Amino acid sequence: MREQVEAVQRMQTYIESHLREEITLDTLAEVAGYVPEHACRLFKKYTGLSPLEYVRARRLSRAALELRDARKRVLDVALEYAFGSHEGFTRAFSSEFGISPKRYRETAPPLRLFQPRSAYHTYLRDKGDKKGDDSVEKLQTVFVQVIQRPARKFILQRGIKAEDYMEYCGEVGCDVWGVLESLKGALYEPIGAWLPEKLRRPGTSEYVQGVEVPLDYDGPIPDGMEIIDLEPCHMMVFQGPPYPEEKMGEAISAVWKAIDEFNPTLYGWQWADEDAPRFQLAPIGERGYIEARPVKEIRR
């Protein structure tokens, strides 16, 4: 099974690096090391989509961000992402998002962008492994810094009882991230967050997903989401070293272990978990796993 997961991950990595080029099933099969039919079956098993459906969804989502931010002509974006014509791109875009690319370029409403999960996410989920392998090898260096967050607002979607990402996906689904990434005017990238008690509502989850926006944000709030105020705070950020995708669970566990064992008082800080949400960024192997916990300065 591990070999299958690695084969699908290789295909995903290849697709992400070649979205602007022709991608064939034969090429993906060669990358995976299987015959095309078996490579296609494995890909759908771990991603839920056929390779061609996956490629199309990724191209359309990337194209949407180009239209939102780069202000390019629709035809230029269509050709950039390997659509043969303006008409074909418009049909595909409208079918995927329910809005024409021209209209989206003018108004930029929230969209449910396709945000793929690594095959390893599916593998860990199916194993029921929420934190990864606890038998972590000798911990590598974890970079720690304190950052200041200004007063801001937080657009979020709550779950029901979820205390972590896996439970949240089971309650809400795993496509909230794509909507959050489509929001124009965000201060930072989307986050998964553990809300302090003061920001939770009865009957809702501790773990949520959301994105921080300025206090004067006047853009749309996607259906099913809400916006709340966050006070200024300090966050202690922990960043692990880069890791290969197959070590994702171990990389997350290693950073969690570092946070649990870290003593902030040695550096003039103390944990302040009720001041702000603790949050995690999307796990991306090349930058290492990143998580942040609120702190406040110790007054001498």
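Residues numbered from 1 in each chain as written. Predicted model: local features only at pLDDT ≥ 70, side-chain atom pairs only at ≥ 80, totals over all residues. Heavy atoms only, no water.

1. Comments concerning the overall build of the protein
Here is step 1 of the chain: If you tally the helices and strands in the protein, you get eleven helices and nine strands.
Here is step 2 of the chain: Its C-alpha atoms give the protein a radius of gyration of 21 Å, within 12% of the compact-globule value 19 Å for 300 residues.
Here is step 3 of the chain: Based on the C-alpha atoms only, the size of the protein along its principal axes is roughly 65 × 45 × 35 Å.
Here is step 4 of the chain: Across the protein, the fraction of contacts at a sequence separation of at least 24, relative to all contacts at a separation of at least 6, is 74%.
Here is step 5 of the chain: For the protein, the computed accessible surface area is about 15,100 Å², with 49% contributed by carbon and sulfur atoms.
Here is step 6 of the chain: Distance from the positive charge centre (42 side chains) to the negative charge centre (48 side chains) of the protein: 3 Å. (Helix = DSSP H or I, 4+ residues; strand = E, 2+ residues; numbered from the N terminus. Rg over C-alpha atoms; globule rule 2.2 N^0.38 Å. Contact = heavy atoms within 4.5 Å. Areas by Shrake-Rupley, 256 points an atom, 1.4 Å probe, with all protein chains shown as cover. Lys, Arg positive; Asp, Glu negative; His and termini not counted. Charge placed at Lys NZ, Arg CZ, Asp CG, Glu CD.)

2. Considering the pattern of salt bridges
A side chain of one charge can pair with a side chain of the opposite charge if their charged atoms are brought near each other.
Here is step 1 of the chain: Applying the stated criterion across every chain, the model contains 24 salt bridges.
Here is step 2 of the chain: The closest approach of N and O atoms between Glu-226 and Arg-158, which form a salt bridge, is 2.9 Å. Remark: Arg-158 occurs in strand β2 (residues 152–158) and Glu-226 occurs in strand β5 (residues 226–230); sequence separation between them is 68 residues.
Here is step 3 of the chain: Judged by relative accessible area, Glu-226 falls into the partly exposed class, the value being 22%.
Here is step 4 of the chain: Across the salt bridge formed by Arg-278 and Glu-291, the nearest N and O atoms sit 2.7 Å from each other. Highlighted residues: Arg-278 in strand β8 (residues 278–280) and Glu-291 in strand β9 (residues 290–297), separated in sequence by 13 residues.
Here is step 5 of the chain: Given the relative accessible area of 1%, Glu-291 is considered buried. (Salt bridge = Lys/Arg side-chain N within 4 Å of Asp/Glu carboxyl O. Buried < 20%, exposed > 50% of the residue type's maximum accessible area, 1.4 Å probe, protein only.)

3. Considering the nonpolar core
Here is step 1 of the chain: Among the nonpolar cores identified, the biggest contains 35 residues, and Val-5, Val-8, Met-11, Ile-15, Phe-43, Phe-238 and Tyr-289 are the most heavily contacted of them.
Here is step 2 of the chain: Counting residues per element, the ones that place at least two in this core are α1 (2–17), α2 (25–32), α3 (36–47), α4 (51–69), α8 (119–127), β6 (233–239) and α11 (248–261).
Here is step 3 of the chain: Of the residues forming this core, the biggest block, seven residues, is contributed by α11.
Here is step 4 of the chain: The contacts of Phe-238, once residues within four sequence positions are left out, are Val-142, Phe-143, Val-144, Val-255, Ala-258, Ile-259, Phe-262, Trp-271, Tyr-289, Ile-290 and Glu-291.
Here is step 5 of the chain: One finds Leu-67, Ala-78, Phe-93 and Phe-97 within the second-largest nonpolar core, a separate group that totals 19 residues. (Core = buried A, V, L, I, M, F, W, Y, C linked by side-chain atoms within 4.5 Å.)

4. Focus on the packing of α2 against α3
Here is step 1 of the chain: Interhelical geometry of α2 versus α3 gives an angle of 80° and a closest axis separation of 9 Å. Taken together, the axes of α2 and α3 are roughly perpendicular relative to one another. Here Leu-25, Asp-26, Ala-29 and Ala-32 of α2 come into contact with α3, specifically with Pro-36, Ala-39 and Cys-40.
Here is step 2 of the chain: Residue classes in the contact of α2 with α3 are distributed as six nonpolar, no polar and one charged. (Axes fitted to C-alpha atoms, helices over the stretch in contact; angles between N-to-C directions. Parallel < 35°, antiparallel > 145°, perpendicular 65-115°, else oblique. Nonpolar A, V, L, I, M, F, W, Y, C, P; charged D, E, K, R; others polar.)

5. Here's the deal with α3
Here is step 1 of the chain: Taking 1.5 Å of rise per residue, twelve residues should cover 16 Å, and α3 covers 16 Å from first to last C-alpha, within 8% of that figure.
Here is step 2 of the chain: Along α3, the positions that sit buried rather than exposed are Ala-39, Leu-42, Phe-43, Tyr-46 and Thr-47. Down the axis of α3, the buried side of the element spans an arc of 110°, and every buried residue falls inside it. Facing away from the buried surface of α3 by more than 90 degrees, the exposed residues are Glu-37 and Arg-41.
Here is step 3 of the chain: Once α3 finishes, Gly-48 follows within two positions and takes phi at roughly 85°, a positive value. (Expected span 1.5 Å × (residues − 1). Arc of directions from axis to C-beta.)

6. Observations regarding unusual backbone geometry
Here is step 1 of the chain: Residues other than glycine seldom take positive phi values, yet Ala-82 does so here, at roughly 65°.
Here is step 2 of the chain: Looking at where Ala-82 falls in the secondary structure, it is placed in the loop between α5 (74–80) and α6 (86–97).
Here is step 3 of the chain: Using a relative accessible area of 39% as the deciding quantity, one classes Ala-82 as partly exposed.
Here is step 4 of the chain: In this model, Ala-108 sits at a positive phi of 45°, which is unusual for a non-glycine residue.
Here is step 5 of the chain: Tracing the backbone through its elements, the reader meets Ala-108 in the loop between α7 (101–107) and α8.

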